[in-house]
Amino acid sequence: SARHFERAIVMPNLKPPVTTTARAIAYRDEILKALPPGSSFVPLMTLYLTDSTSPEEIKVARKSAVVFAVKLYPAGATTNSQDGVTDILGKCLPVLEEMVKQEMPLLVHGEVTDPHVDTFDREKVFIEKILAPLVQKLPQLKIVMEHITTMDAVNFVESCKEGHVAATVTPQHLLLNRNALFQGGLQPHNYCLPVLKRETHRQAIVSAVTSGSRQYFLGTDSAPHDKRMKECSCGCAGIYSAPVALSLYAKVFEEAGALDKLEAFTSFNGPDFYGLPRNTSKTVLRRSPWKVPATYTYGLGVIVPMSTGNTLEWLPSDQPEE
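The rules we used
- Residues numbered from 1 in each chain as written.
- Predicted model: local features only at pLDDT ≥ 70, side-chain atom pairs only at ≥ 80, totals over all residues.
- Heavy atoms only, no water.
- 1 Å grid on protein atoms, 1.4 Å probe; cavity = no way out; pocket = protein on both sides within 12 Å on 5 of 7 lines; lining within 4 Å.
- Points joined across faces, edges and corners; volume = space filled by probe spheres on them.
- Nonpolar A, V, L, I, M, F, W, Y, C, P; charged D, E, K, R; others polar.
- Phe/Tyr/Trp six-rings, centres within 6.5 Å; stacked < 30°, edge-to-face > 60°.
- Helix = DSSP H or I, 4+ residues; strand = E, 2+ residues; numbered from the N terminus.
- Buried < 20%, exposed > 50% of the residue type's maximum accessible area, 1.4 Å probe, protein only.
- Disulfide = S-S within 2.5 Å.
- Pairing = 2+ DSSP bridges.
- Axes fitted to C-alpha atoms, helices over the stretch in contact; angles between N-to-C directions.
- Contact = heavy atoms within 4.5 Å.
- UniProt positions renumbered as here; feature names shortened; annotations may be inferred.
- Salt bridge = Lys/Arg side-chain N within 4 Å of Asp/Glu carboxyl O.
- Polar contact = N/O pair within 3.5 Å; in protein donor to acceptor, adjacent residues only side chain to side chain.

Moving on, we come to empty space enclosed by the protein. Scanning all chains against the criterion turns up two cavities of 30 Å³ or more. In this structure, the largest cavity spans a volume of roughly 40 Å³. Lining the largest cavity, in full, are H189, A223, H225, K230, G238, I239, Y240, I303, V304, P305 and M306. Taken together, the residues that form the lining of the largest cavity break down as seven nonpolar, three polar and one charged. If you add up the space inside the second largest cavity, you get close to 30 Å³. Contributing to the lining of the second largest cavity are T149, H173, L176, L196, K197, R198, H201, R202 and I205.

Time to look at the packing of aromatic side chains. Applying the stated rule across the entire model yields seven aromatic pairs. Residues Y240 and Y296 carry aromatic rings whose centres are separated by 6.0 Å and whose planes lie at 85° to one another, so their mutual orientation is edge-to-face. Of this pair, Y240 sits in the loop between α9 (227-230) and α10 (245-255) while Y296 sits in strand β9 (residues 296-298), placing them 56 residues apart in sequence. By relative accessible area, which is 16% here, Y240 ends up buried. Classification of Y296 by relative accessible area gives partly exposed; the value is 21%. Three or more aromatic residues joined by ring pairs make a cluster, and in this case those are F217, F273 and Y274.

Applying the stated criterion to the full structure yields zero disulfides. The structure places no disulfide on C92, whose sulfur is separated from the nearest cysteine sulfur, that of C160, by 20 Å. Cysteine C236 shares no disulfide, and the gap to the nearest cysteine sulfur, in C232, comes to 6.8 Å. Exposure remark for C236: the relative accessible area of 16% places this residue in the buried category.

In spatial order, the strands read β1-β2-β3-β4-β5-β6-β7; together these seven strands make up an open sheet with parallel pairing. Across the chains shown, the open sheet's two edge strands, defined by having one partner strand only, are β1 (7-10) and β7 (216-218). Going across the sheet, the axis of each strand differs from the next one's by a mean of 30°, ignoring polarity. Of the strands in this sheet, β1, β3 (67-72), β4 (106-109), β5 (143-146), β6 (165-169) and β7 touch helix α11 (residues 262-274), which is tilted by about 115° from β7.

Below, the discussion takes up the UniProt feature "domain: Amidohydrolase-related" (unreviewed entry) in the protein chain. Mapped onto the present numbering, the UniProt feature "domain: Amidohydrolase-related" (unreviewed entry) falls at residues 8-279. For residues 8-279, helix accounts for 39% and strand for 12%, while the C-alpha atoms at its two ends are 12 Å apart.

With that settled, the discussion passes to the pattern of salt bridges. Evaluation of the coordinates by the stated rule reveals 14 salt bridges. The residue K59 makes a salt bridge to E56 at a minimum N-O spacing of 3.8 Å. With K59 and E56 both in helix α2 (residues 55-64) and three residues apart, the pair spans about one turn of that helix. Classification of K59 by relative accessible area gives partly exposed; the value is 30%. We note a salt bridge from R214 to E162, for which the minimum N-O separation is 3.1 Å. Taken together, the residues R214 in the loop between α8 (199-209) and β7 and E162 in the loop between α6 (151-159) and β6 connect sequence positions 52 residues apart. Each of E162, R214, D272 and R278 takes part in a single network of salt bridges with overlapping partners.

Looking now at the layout of surface pockets. Leftover empty space is mapped by rolling, across the atoms, a probe with the size of a water molecule. In this structure, the second largest pocket spans a volume of roughly 410 Å³. As for the second largest pocket, its lining consists of 20 residues, and the residues nearest its centre are L176, M306, S307, T308 and N310. Secondary-structure elements contributing two or more residues to the lining of the second largest pocket are α10 and β11 (311-316).

Attention now moves to the side chain of H147. Note that H147 resides in the loop between β5 and α6. Polar contacts involving the side chain of H147 include one to the side chain of H109, which spans 3.5 Å. Setting aside chain neighbours within four positions, we find H147 in contact with H109, E123, T168, T170, H173, P194 and D221.

Counting through the fold element by element, Y216 comes out in strand β7. Residues within four places of Y216 in sequence aside, it is in contact with I148, V154, V157, E158, A167, V169, A208, V209, F265 and N269.

Structure representation (structure tokens):
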């Protein structure tokens, strides 16, 4: 991530979750220690919202200048989300009202976890039952729908006021549909949450992000799970896209005839929404075919990246250029 991006919103779903500013600062210190020498990468930290998060913690977070958002995981929605929220309006309203005062965005994993709801409908039902009432109750709350996957999410975002509701989109939800989970056998490295959807949804998301709308911006949801954790009897959700994300976004925008809109999606719309300055250094993408490695090695094992073994047309520079 630090090789290709100057900063990143760092999600808090660790074990145990990052529920306090003190934990966020400690996690940030760990990230900074792991960076290569000379890296200027800035981790933008988040807090994990729980039923017991206090308005006071939001004030502390804002004062820290380290925490930039709060993440809503409905309990059980994704990896390490068992400590998430059980009733957002019933249990978290004072916290959300404080977030409005502090201009602290709420980032949402937009899926319900009711076992009676079909897996492929979890985002649509979340919008109807939770997100729409939340926006109606607190119209001034800044909300980012993370990693949207459906036409329903596109329609909802575009029905909301610009500057108050936005969405991020991953490389996989722009390039893959749910067939990619099953082609040639079960494909665990294409399994993520929210799960991949029908082709009609993928096309709707591509149209939305390549339209030039300022309500969409880059969000990789990159998840570096060990190969053994993906290729097992109960594999975990998450796709490792950090090394290939810029190349894949460029492919999507080029195929849509919208390369002129790529820079805003990757570099402007996000900081503008968060009220952060735009970066001044640039990453240069060159048309230079390169083959994605089969795996990336880390201390204890290997990670299989998205597009493993494929040749991509766009190569990002490893160093920022002024």
